[in-house]
Amino acid sequence: MKTSYLFPYRFKKISGFVFLFVVLLFFASSCFDISSYINFEAPVFAIVGDGRLVFDPNDTSYFKTHYFSFIYNDIFDEIVFCLLIVSGMFYVFSKEKKEDEMISKIRLESLVWATYFNAIVSLVCYLFFYGLNFLYFMNFLVFSNLLFFVIRFKWAIYKYNRDFDEK
Amino acid sequence: MKNKIKIERAKANITQAELAEKVNVSRQTINAMELGKYVPSTVLALKIAKVFGKTVNEIFELEPSD
């Protein structure tokens, strides 16, 4: 079966390693303040952002909002989330070794399941997390759908191989 | 949906792996169909029938629950 929305199989392994590594890095950085050990401050272009202006040495305010300007920012989270989303998308949407129509069905079922599960987790989070903790959780929600999908899909593929792999 | 893939395969004396290769799916998918755990698409059903030189109706049939 031809599926035009999937990446080739060769992306699977590398994107899987990167995704796993960055997910672990994300949870590690939620527990430990990595930015206090390594300085990730760099000039960035902000459509909207709080921070010091790059081209204005007199600007010392960290909390003034600037529009469409270059500001200084800690880019650790930018690196983590770019890697998370890109590697996650490649991992989830690259073909299996033998991509046939049953795998496609398992993939779509897992996607539906992950969307439902993510919605429930989001609801619980909105109702029972408040203040700064809610913001931490919002970070998790950026990639939770991908993560839930990976877990559900891998489990379904494991079952598929276990139950139907004989003779 | 019921199917006679296993019987036809025994008659033709080909393995799941050989059939899988002929219709371009994995061996597990052939096994799942034989166990009645997966209903193939029309294209796949037609391909399987073609391998055995039969019509789709001779290999696949509806069940009352369908």
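Residues numbered from 1 in each chain as written. Chains lettered and ligands numbered in written order. Predicted model: local features only at pLDDT ≥ 70, side-chain atom pairs only at ≥ 80, totals over all residues. Heavy atoms only, no water.

A. Structural context of the nonpolar core. Ranked by size, the top nonpolar core spans 52 residues in total, and within it Leu84 and Phe143 of chain A together with Ile5 and Ile48 of chain B carry the most contacts. Those elements that provide at least two residues to this core are α1 (11-31), α2 (76-92), α3 (101-128) and α4 (132-164) of chain A together with α2 (16-23), α3 (27-34) and α4 (42-52) of chain B. Take this core: its biggest share by element is 15 residues, from α4 of chain A. Aside from chain neighbours lying at most four places away, what touches Ile5 of chain B is Leu19, Met33, Glu34, Ile48, Phe52, Ile59 and Phe60 of chain B. (Core = buried A, V, L, I, M, F, W, Y, C linked by side-chain atoms within 4.5 Å. Buried < 20%, exposed > 50% of the residue type's maximum accessible area, 1.4 Å probe, protein only. Helix = DSSP H or I, 4+ residues; strand = E, 2+ residues; numbered from the N terminus. Contact = heavy atoms within 4.5 Å.)

B. Main features of helix α1 (residues 5-12) of chain B. Residue and element names in this part refer to chain B. Residues of α1 that are buried include every one of Ile5, Glu8 and Arg9, and no others. Take α1 and look down its axis: the buried residues cluster within an arc of 100°, on one side only. Set apart from the buried face of α1 by more than 90 degrees, the exposed residues are Ala10 and Lys11. Where α1 is buried, its residues contact β1 (2-3), α2, α3, α4, α5 (56-59) and β2 (60-61). (Arc of directions from axis to C-beta.)

C. Local environment of unusual backbone geometry. Backbone geometry at Phe68 of chain A places phi at a positive 45°, although glycine is not the residue there. Summarising the element assignment, Phe68 of chain A is placed in strand β2 (residues 65-74). Relative accessible area serves as the criterion here: at 59%, Phe68 of chain A is assigned to the exposed category. Even without being glycine, Asn13 of chain B reaches a positive phi, approximately 60°.

D. A look at the environment of Ser4 of chain A. Residues and elements named next belong to chain A. Mapped onto the fold, Ser4 is located in the segment before α1. By relative accessible area, which is 76% here, Ser4 ends up exposed. The spacing of Ser4 and Val23 is 19 residues in sequence and 28 Å in space, taken between C-alpha atoms.

E. Region of interest: a nonpolar patch on the surface. Residues and elements named next belong to chain A. On the surface, a nonpolar cluster with roughly 960 Å² of combined accessible area is contributed by Ile120, Val124, Tyr126, Leu127, Phe128, Leu132, Leu135, Tyr136 and Met138. The set of elements that each furnish at least two residues to the nonpolar patch consists of α3 and α4. The element contributing the most residues to the nonpolar patch is α3, with five residues. Counting through the fold element by element, Tyr126 comes out in helix α3. By relative accessible area, which is 47% here, Tyr126 ends up partly exposed. (Patch = residues over 30% accessible without salt bridge, like charges linked within 9 Å, V, L, I, M, F, W, Y side chains within 5 Å. Areas by Shrake-Rupley, 256 points an atom, 1.4 Å probe, with all protein chains shown as cover. Salt bridge = Lys/Arg side-chain N within 4 Å of Asp/Glu carboxyl O.)

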